[in-house]
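Fold and contact review
Each chain, letter by letter, is given below.
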Amino acid sequence: MSRSSEEVTYEDLEETDVISVELVPERKGLILKHCEYYVSSRRHGTTVTRRYNEFVQLYDVLAIKYPYRAICGLPPKRVVVGGGSPLFLQRRRAALQRWLTLVARHPVLAHDADLRMFLCETNLKLDKPKHDEFILAGTQEDNRHEMTTDEMQEEFACGQEQLRLVQLGLKRLCKIFEKAESRCEAEQVDIRELGAGLSALSVTSKADTQRWTRVRESMKAAAQLVSDMDETSISDEEAQQRLLVALDALTAYKELCSRLTRGLHGERAAAAASAPHSAASHTLRERHRYAMRCAVEEARLSRVYALSALEALPALLHTLGTAHARIAAYWADLHTALRHANIKSNHR
């Protein structure tokens, strides 16, 4: 990396690129329909059309080329028969946008030629890489201020556990926010149904007495309150996206740790089996050190996203709190409107 990930802030990453992935309205095909996406990059000033399989091609290329980088998995593919579920398609679109955002803002991957082709070229042709990042990077010059391999291994072990706990915590918070939003949406539906019921009951009849009329008028006023009710905004889109992007980044880092733990043991064993001063042994030691350096950088990058999500929590709490407060106010207004007729009756 040209700059240490420790120095990078979320605002720096945002400046790298802004990615947009939107569904193309038209669907092609007869029986098995497929979806296409408009993919836009602010950095390159481009908009191209991509299919899900082309996202898979890019992922496969990057996974081979950058085995020591945290690249999160793609959302699952599903055969879209008859157009597919709108909810599924929107969730997959959002997940693809988060995935491409993480790649396009990565301090190393952002400069990849295949990524640029994906974002800029109309006709995509990605070839399977012949070498990975370690080989392509060439000989790594050691910086005298850089940590030793043992120090990097110690930081790797420490960061792995810390970020695992952060991921679990954010995942738990995400579920809580989802449930709170669902409750808010359900209450709005309940209030609208209540309004429809009150409106039906407020229809006058020739048999109404004065007391019946007062009650019907109060129900009509309450129903009008519901009719005038604004749609309450339940979520802060920007804050919510920060939380989801952070979860994707942390999940990718967790998967990287699993791969490295398995791979590094094999590399160490192979290095031990080789002659200590052989070229093969030297290359294995260098690759091991390079993997550790990448792991430390990826942990620092994951912390940037995690910190951004934690800093966004007040905005999420404020939005949910405001939404619940507005809904509570509607219940109170309905109570006042309906109670008005009873107060008049009791004071006769």
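Please refer to the structure higher up on the page.
Predicted model, so just to flag it, every value in this text is computed and none were measured.

Quick word on the overall build of the protein
When its secondary structure is counted, the protein shows nine helices and three strands. Traced from its N-terminal end to its C-terminal end, the protein shows the element sequence α-β-β-β-α-α-α-α-α-α-α-α. Every one of the 348 residues in the protein was classed for burial, and the buried ones make up 41%. In the protein, the proportion of contacts linking residues at least 24 apart, taken out of those at least 6 apart, comes to 76%. Total accessible area on the protein stands at roughly 19,500 Å², and carbon and sulfur atoms take up 54% of it.

A closer look at a positive patch on the surface
A contiguous patch of positive charge, built from Lys-171, Arg-172, Lys-175, Lys-179, Arg-183 and Lys-254, is present on the exposed surface. When residues of the positive patch are assigned to their parent elements, the largest contribution, five residues, is made by helix H6 (residues 149-201). Classification of Lys-179 as exposed rests on a relative accessible area of 52%.

Here's the deal with the layout of surface pockets
The space that makes up the largest pocket amounts to roughly 1,100 Å³. Lining the largest pocket are 33 residues, and of these Arg-91, Ala-94, Arg-98, Glu-178 and Leu-244 lie nearest its centre. Within the residue set of the lining of the largest pocket, elements represented by two or more residues are helix H3 (86-104), H6 and helix H8 (237-273). Ranked by the residues each element gives to the lining of the largest pocket, the list is headed by H3, at 11 residues.

A few points about helix H7 (residues 210-227)
An ideal rise of 1.5 Å per residue puts 26 Å on 18 residues; H7 measures up with 25 Å between its terminal C-alpha atoms. Those residues of H7 that sit buried are Arg-214, Arg-216, Ser-218, Met-219, Ala-222, Ala-223 and Val-226.

Considering the sheet that holds strand S3 (residues 46-51)
An order of S1-S2-S3 is seen for the three strands of this open sheet, with the pairing classed as antiparallel. Bordering the open sheet on either side are strand S1 (19-23) and S3, each of which pairs with just one other strand. When strand polarity is set aside, the average angle formed by the axes of neighbouring strands in this sheet is 25°. In this structure, S1 lies alongside strand S2 (residues 36-41), joined through five bridges in antiparallel fashion. Looking across to S2, one finds that Val-21 is bridged to Val-39.

Re the environment of Ala-295
Relative to the elements of secondary structure, Ala-295 occurs in helix H9 (residues 279-346). With relative accessibility at 1%, the residue Ala-295 sits in the buried group. The sequence separation of Ala-295 and Gln-160 amounts to 135 residues, and the corresponding C-alpha distance is 9.4 Å. Apart from residues no more than four positions distant in its own chain, Ala-295 is found in contact with Phe-156, Tyr-253 and Leu-260.

What about the packing of helix H2 (residues 52-65) against helix H4 (residues 113-120)?
Any two packed helices are characterised by how steeply their axes cross, that is the angle between the axes, and by the distance between the axes. Direction vectors running N to C along H2 and H4 enclose 170°, while the axes themselves pass 10 Å from each other. Comparing their axes, H4 and H2 come out roughly antiparallel. Taking contact as the criterion, the partners of Glu-54, Phe-55, Leu-58, Val-61 and Lys-65 in H2 are, on H4, Asp-114, Leu-115 and Phe-118. Across the contact of H2 with H4, the residue classes tally to five nonpolar, no polar and three charged.

Brief notes about the packing of H6 against H7
Taken N-terminus to C-terminus, the directions of H6 and H7 make an angle of 145°; their axes are 8 Å apart at the nearest point. Crossing of H6 over H7 shows left-handed handedness. Contact residues: Ile-191, Arg-192, Gly-195, Leu-198, Ser-199 and Leu-201 in H6; Arg-216, Met-219, Ala-222, Ala-223 and Val-226 in H7. Partitioned by chemical class, the residues of the contact of H6 with H7 number seven nonpolar, two polar and two charged.

Rules used in this analysis
Residues numbered from 1 in each chain as written. Predicted model: local features only at pLDDT ≥ 70, side-chain atom pairs only at ≥ 80, totals over all residues. Heavy atoms only, no water. Helix = DSSP H or I, 4+ residues; strand = E, 2+ residues; numbered from the N terminus. Buried < 20%, exposed > 50% of the residue type's maximum accessible area, 1.4 Å probe, protein only. Contact = heavy atoms within 4.5 Å. Areas by Shrake-Rupley, 256 points an atom, 1.4 Å probe, with all protein chains shown as cover. Patch = residues over 30% accessible without salt bridge, like charges linked within 9 Å, V, L, I, M, F, W, Y side chains within 5 Å. Salt bridge = Lys/Arg side-chain N within 4 Å of Asp/Glu carboxyl O. Lys, Arg positive; Asp, Glu negative; His and termini not counted. Charge placed at Lys NZ, Arg CZ, Asp CG, Glu CD. 1 Å grid on protein atoms, 1.4 Å probe; cavity = no way out; pocket = protein on both sides within 12 Å on 5 of 7 lines; lining within 4 Å. Points joined across faces, edges and corners; volume = space filled by probe spheres on them. Expected span 1.5 Å × (residues − 1). Pairing = 2+ DSSP bridges. Axes fitted to C-alpha atoms, helices over the stretch in contact; angles between N-to-C directions. Parallel < 35°, antiparallel > 145°, perpendicular 65-115°, else oblique. Nonpolar A, V, L, I, M, F, W, Y, C, P; charged D, E, K, R; others polar. Left-handed = near helix turned anticlockwise from the far one by under 90°.

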